[in-house]
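# Close look at the chain arrangement
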Amino acid sequence: MISFSGRGILLDIEGTISSLSFVRDVLFPYARKRLASSLRNLWNDPAMERIRQELATHYGATDFDTWTGGPGMPPEHRLAHMRSAIYALMDADAKVGPLKELQGLIWRYGYVDGTLRSHVYGEVPRVLKEWKQRGMDVRIYSSGSIEAQKVFFEHVDIGRTEPADFTGYFSGFYDTSTGPKKEAASYSRIAAAFDLPAAQILFLSDVTAELDAAREAGMKTALMLRPENEPVTSTHDHPVLNSFDDVNLL
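All of these numbers come straight from a predicted model, not from anything done at the bench. (Residues numbered from 1 in each chain as written. Predicted model: local features only at pLDDT ≥ 70, side-chain atom pairs only at ≥ 80, totals over all residues. Heavy atoms only, no water.)

Before going further, it helps to spend a moment on the side chain of Glu210. When you line up the elements, Glu210 lands in helix 10 (residues 208-216). In terms of polar contacts, Glu210 uses its side chain to reach the side chain of Lys181, at 3.4 Å. When residues no more than four places from it in sequence are discounted, the contact partners of Glu210 are Asp12, Lys181, Lys182, Tyr187, Phe203 and Ser205. (Helix = DSSP H or I, 4+ residues; strand = E, 2+ residues; numbered from the N terminus. Polar contact = N/O pair within 3.5 Å; in protein donor to acceptor, adjacent residues only side chain to side chain. Contact = heavy atoms within 4.5 Å.)

In structure tokens, the structure reads:
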């Protein structure tokens, strides 16, 4: 249990709001299985030009054409080169922008056609509603792209025929474009976006290194210990919560 008198709550998703197994055993395999066809279908999507450039930059090239072999290379060669690089990033579970943006675009198709519905822990719908009624400013900070975060919360499985849209519970979404999740400067930027003193913000995550960075920036912190979460082996002094019900708002 943690008592909190501030006005802002910042939440991680994987291992905090949703189970590790949903993200790793449902979302990630879905994107991997559909990568090849999605690259073709999404090639002219407005976001893809930026993703291609960011991917080339990640690998140290000045532009996508140079990275994929230079002028004159056939489109199939460029497509295969990009596909191979994305698979490698997936294998490494890399927290890089172009991969996360592309995953979000692919997942949207699955959510729209009803194949995907987001898992959240049982108390989450009720507690988010209570926090909103209490006037709390609740926001999300995840390594997944902002696009992926929004589509995740637009299609939450609450056991009904149609999924629920939870986006109205949140007033902000942040991804690694704000900064790495294990660096204090990222949380200082987020606190500035909240327009609250950092001490008025509570950050909940299942990763102690993220909590350490948030605390360094001045935020209150607590470690989420959900049933499927990996054991915490590092020494830490963050309060440990098993549920959002363990947050006592003062």
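What follows concerns the pairing of strand 5 (residues 201-205). On a regular strand, each side chain points to the face opposite its neighbour's, so the side chains alternate between the two faces of the sheet. Summarising burial for strand 5: 5 of the 5 residues are buried, a large majority. Of the two faces of strand 5, both are covered, the one formed by Ile201, Phe203 and Ser205 as well as the one formed by Leu202 and Leu204. Sheet analysis places strand 2 (residues 8-11) next to strand 5, joined by 4 bridges and oriented parallel. Paired with Ile9 across the strands is Leu202, a residue of strand 5. Bridge count for strand 5 against strand 6 (residues 220-224) is 4 bridges, and the pairing is parallel. Following the sheet pairing, Leu204 is matched in strand 6 by Ala222. For the crossover from strand 5 across helix 10 to strand 6, the handedness is right-handed. (Buried < 20%, exposed > 50% of the residue type's maximum accessible area, 1.4 Å probe, protein only. Pairing = 2+ DSSP bridges. Right-handed = clockwise from strand over helix to strand, strands pointing away.)

Let us now look at the packing of aromatic side chains. Throughout the structure, instances matching the rule amount to 13 aromatic pairs. Note on Phe170 and Phe173: the rings are 5.9 Å apart at their centroids and 65 degrees apart in plane angle, and the pair reads as edge-to-face. Ring centres 5.2 Å apart and planes at 55 degrees place the aromatic pair Tyr187 and Phe203 in the tilted group. With Tyr187 in helix 9 (residues 184-194) and Phe203 in strand 5, the pair connects residues that are 16 residues apart, well separated along the chain. Judged on exposure class, the residue Tyr187 and its partner Phe203 are both buried. The side chain of Arg139 reaches across the aromatic face of Phe194, ending 4.3 Å from its centre. Seen from the ring of Phe244, Arg226 lies directly overhead, with NZ or CZ sitting 5.1 Å from the centre. (Phe/Tyr/Trp six-rings, centres within 6.5 Å; stacked < 30°, edge-to-face > 60°. Lys NZ or Arg CZ within 6 Å of the ring centre and 35° of its normal.)

Take the layout of surface pockets next. Rolled over the atoms, a probe sized like a water molecule indicates the empty space that remains. Estimates place the volume of the largest pocket at around 770 Å³. Lining the largest pocket are 35 residues; nearest its centre among them are Glu14, Lys95, Asp206, Val207 and Glu210. Mapped onto the lining of the largest pocket, the elements with two or more residues apiece are helix 1 (20-33), helix 6 (97-112), helix 8 (146-154) and helix 10. The computed volume of the second largest pocket comes to approximately 190 Å³. Together, 14 residues line the second largest pocket, and Arg50, Glu101, Ser145, Ile146 and Asp175 are the ones closest to its centre. (1 Å grid on protein atoms, 1.4 Å probe; cavity = no way out; pocket = protein on both sides within 12 Å on 5 of 7 lines; lining within 4 Å. Points joined across faces, edges and corners; volume = space filled by probe spheres on them.)

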